[in-house]
Amino acid sequence: MKIGVISDTHGSLGGWEKSWEILKDSNIIIHCGDLFNHGPGNPIPEKYSPKELLNLFNNLKIPLLISKGNCDSEVDQTFLNIPMASPFLFYQINNFRFIVSHGHIFKNDEWLELGKRWEINFLISGHTHIPLLKKIENIIILNPGSPSIPKEKIPTCAMIDLEEGNIKIYNLLDQSIYQCENL
């Protein structure tokens, strides 16, 4: 099973299109929030088209799981035909347990303690626009970065491959592997 992971698209059709080259092979896609609005602290991203991105998400053939971000609104949910979970999304595939949150509510130590208490395998979040992949004890901590407004100038998204037993964060400028971790 392949699980695509993306966050912080902020209404950028261009960011989604770059990510789609990686995500199109997913069985499920997890979005960590901040889908459509760029927010007052961010620049308007490339190919900003929230309505077009909304239509794309609503017609996506791959299941999309979403954790609501700090820039996501009640109005967004009115038009989106996929529920946004808040403050986090819990998901289990086979023996793997996932908690997904945008990342603006939990502090790192609280997040890790929740993961330990619930025997979570993957703690996934966004919000920082900075990719992160590390393992603490038996918990994988993943932030796919942002394909639209990356803070480190490298647009990214991630893929978890449960069959191959690895997680990869991709540099979307050239689709190279930015970072990799084995399960």
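Notes on the structure in this doc start here. (Residues numbered from 1 in each chain as written. Predicted model: local features only at pLDDT ≥ 70, side-chain atom pairs only at ≥ 80, totals over all residues. Heavy atoms only, no water.)

Here we look at unusual backbone geometry
So, point 1. A cis amide bond links Ser 86 to the next residue, Pro 87, at an omega of 5°.
So, point 2. With respect to the helices, strands and loops of the structure, Pro 87 is situated in the loop between β4 (84-85) and β5 (88-93).
So, point 3. Located in the positive-phi region is His 127, a residue other than glycine, with phi close to 75°.
So, point 4. Within the secondary structure, His 127 is located in the loop between β7 (122-125) and β8 (132-136).
So, point 5. Judged by its relative accessible area of 30%, His 127 is partly exposed.
So, point 6. Residue His 129 is not a glycine yet carries a positive backbone phi of 65°.
So, point 7. Note that His 129 resides in the loop between β7 and β8.
So, point 8. Classification of His 129 as buried rests on a relative accessible area of 4%. (Helix = DSSP H or I, 4+ residues; strand = E, 2+ residues; numbered from the N terminus. Buried < 20%, exposed > 50% of the residue type's maximum accessible area, 1.4 Å probe, protein only.)

Details of the pattern of salt bridges
So, point 1. For the structure shown, the criterion picks out 6 salt bridges.
So, point 2. Note that Glu 21 and Lys 24 form a salt bridge whose closest N and O atoms lie 3.2 Å from each other.
So, point 3. With a relative accessible area of 37%, Glu 21 lands in the partly exposed category.
So, point 4. When its relative accessible area of 39% is taken as the criterion, Lys 24 is described as partly exposed.
So, point 5. Here Lys 116 makes a salt bridge to Glu 113, at a shortest N to O gap of 3.7 Å. In this pair, Lys 116 and Glu 113 both sit in helix α4 (residues 108-117), 3 residues apart, roughly one turn of the helix.
So, point 6. According to the relative accessible area criterion, Lys 116 is partly exposed, its value standing at 33%. (Salt bridge = Lys/Arg side-chain N within 4 Å of Asp/Glu carboxyl O.)

Quick notes on the layout of surface pockets
So, point 1. The volume enclosed by the largest pocket comes to roughly 350 Å³.
So, point 2. Those elements that provide at least two residues to the lining of the largest pocket are α4, β8 and β9 (139-143).
So, point 3. Counting residues per element, the lining of the largest pocket draws most heavily on α4, at 4 residues.
So, point 4. Class assignment of the residues belonging to the lining of the largest pocket gives a composition of 8 nonpolar, 8 polar and 3 charged.
So, point 5. In this structure, the second largest pocket encloses a volume near 150 Å³.
So, point 6. Only α1 (13-23), β10 (156-161) and β11 (166-171) provide two or more residues apiece to the lining of the second largest pocket.
So, point 7. Among the elements that make up the lining of the second largest pocket, the one with the highest residue count is β11 (3 residues). (1 Å grid on protein atoms, 1.4 Å probe; cavity = no way out; pocket = protein on both sides within 12 Å on 5 of 7 lines; lining within 4 Å. Points joined across faces, edges and corners; volume = space filled by probe spheres on them. Nonpolar A, V, L, I, M, F, W, Y, C, P; charged D, E, K, R; others polar.)

Quick notes on α4
So, point 1. Considered for burial, the residues of α4 that qualify are Trp 111, Leu 112, Leu 114 and Gly 115. Within α4, the buried residues cover an arc of 160° as seen down the axis, which keeps them to one side. When the buried face of α4 is taken as reference, the exposed residues oriented beyond 90 degrees from it are Asp 109 and Arg 117.
So, point 2. Looking at the buried side of α4, the elements it contacts are β5, β6 (96-101), β7, β8 and β9.
So, point 3. Just beyond α4, the residue with positive phi is Glu 119, at close to 55°. (Arc of directions from axis to C-beta. Contact = heavy atoms within 4.5 Å.)

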